[in-house]
Amino acid sequence: MMGIPVCRRALLAGLATLAALPARADTAPVPVRLGLLPFGTVQWEVETARARGLDRANGVALAVQELAGTQAAQVALLAGGVDIIASDWLWVARQRAAGIDLSFIPYSCAVGAVIVPADSPIRSTADLAGKRIGIAGGPLDKGWLLLRAQAARRHGIVLAAEATALYAAPPLLSQQVQAGKLDAVLTYWHFAARLEAAGLRQLVGVSDLARDLGLATAVPALGYVFRADWAADNAAALTGFTALSRQAKTILAMEDAAWTPLRPLLGADDDRAAMVLRDRFRHGIPTRWTEAERADAARLFAILAGLGGRELVGDATAIPDGTFWPVTWN
């Protein structure tokens, strides 16, 4: 089972204090309205923060609003119904190019993976030619675009033409690949982890595809997104929220016992599935957010925009200034 490398443990240990800090008594907690999907992994972090009192310790009154899906969360943020949601920086860049000043701070580097049956003859992305591939997220899914780019650059294969892509929801794709009706699935990381726990094999992770395309760092794909004007007017709220997020991640990275109360939220059928989910989550925790990661994000944008075009990135021709909120750690 995957462990945490020593260098990662050292980095994570420096992110935040592990124990819950005493509540701040100097000022009243500032409100933060967080919009969450009921099935999202952000729930794991939020529940940990609340259980350890990290919201109060950082002067935040956290109010969670469950939303039906990604689009509902985006609409709620744009309409002012919530202050923060989890989304990707590509969407933030697109909104900024359209004149909507959103900003992003990192949440996770975990994206997804290509999963194949354990006994599959598929050993590299070259072997996906001629195969039936299930894709979660649709034709513009970032993982699918990166898989196509890597297969073309590394093997000279045009997967969009040489493979059969089938788009469906992750649960259905999981059923289909387990039933032998698909040769491979490209799915979100937590669905991929459950398939691994069931005995299937990871062919390649989306982050591995990005590295094979020239990225030198782990670029956080998902993050917390908020309106820049809200952040400017509520600096204490954003600072407190950012601190509790990083502290909760440290706890989840370092303490196995912290995962026990989260078991009902994991959707894990057994102990092995819970362990794989835990370890994949840990490997997705960002430990650096510096100019190097932001430069790689710009390279990644160029790759994705080259394949997805205006339908993916809208009017953005590069990552607009302000997409990434000015915060750094290493």
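Here the structure is shown first, and the text comes after it.
From a predicted model like this one, the values you see are computed outputs, not experimental measurements.

Draft legend 1. Focus on the overall build of the protein. For the protein, the count of helices and strands is 15 helices and 10 strands. Expected size for 330 residues packed as a compact globule is a radius of gyration near 20 Å; at 20 Å, the protein falls within 12% of this value. Scored against the burial criterion, the 330 residues of the protein give a buried share of 52%. Long-range contacts, defined as pairs at least 24 residues apart, comprise 80% of the intrachain contacts of the protein with a sequence gap of at least 6. Surface summary for the protein: the accessible area is close to 14100 Å², and the carbon and sulfur share equals 54%. In the protein, 32 positive and 30 negative side-chain charges are present, and the distance between their average locations comes to 3 Å.

Draft legend 2. Region of the structure containing helix α5 (residues 89–97). By the criterion of burial, α5 is predominantly enclosed, with seven of the nine residues buried. The complete set of buried residues in α5 reads Trp-89, Leu-90, Trp-91, Val-92, Ala-93, Gln-95 and Arg-96. Its side-chain oxygen placed 3.0 Å from the backbone nitrogen of Leu-90, Asp-88 serves as the N-cap of α5. Positive backbone phi, approximately 95 degrees, marks Gly-99, located one or two places after α5.

Draft legend 3. Structural detail: the pattern of salt bridges. Inspection of every chain in the model, using the stated rule, returns 19 salt bridges. With a shortest N-O distance of 3.3 Å, Arg-96 and Asp-101 are connected by a salt bridge. A relative accessible area of 16% places Arg-96 in the buried class. Overall, Asp-101 belongs to the partly exposed group, its relative accessible area being 42%. As a salt-bridge pair, Glu-293 and Arg-288 come within 3.1 Å of each other at their nearest N and O atoms. Here the salt bridges do not stand alone but share partners, grouping Asp-256, Arg-278, Asp-279 and Arg-282 into one network.

Basis of the calculations
- Residues numbered from 1 in each chain as written.
- Predicted model: local features only at pLDDT ≥ 70, side-chain atom pairs only at ≥ 80, totals over all residues.
- Heavy atoms only, no water.
- Helix = DSSP H or I, 4+ residues; strand = E, 2+ residues; numbered from the N terminus.
- Rg over C-alpha atoms; globule rule 2.2 N^0.38 Å.
- Buried < 20%, exposed > 50% of the residue type's maximum accessible area, 1.4 Å probe, protein only.
- Contact = heavy atoms within 4.5 Å.
- Areas by Shrake-Rupley, 256 points an atom, 1.4 Å probe, with all protein chains shown as cover.
- Lys, Arg positive; Asp, Glu negative; His and termini not counted.
- Charge placed at Lys NZ, Arg CZ, Asp CG, Glu CD.
- Polar contact = N/O pair within 3.5 Å; in protein donor to acceptor, adjacent residues only side chain to side chain.
- Salt bridge = Lys/Arg side-chain N within 4 Å of Asp/Glu carboxyl O.

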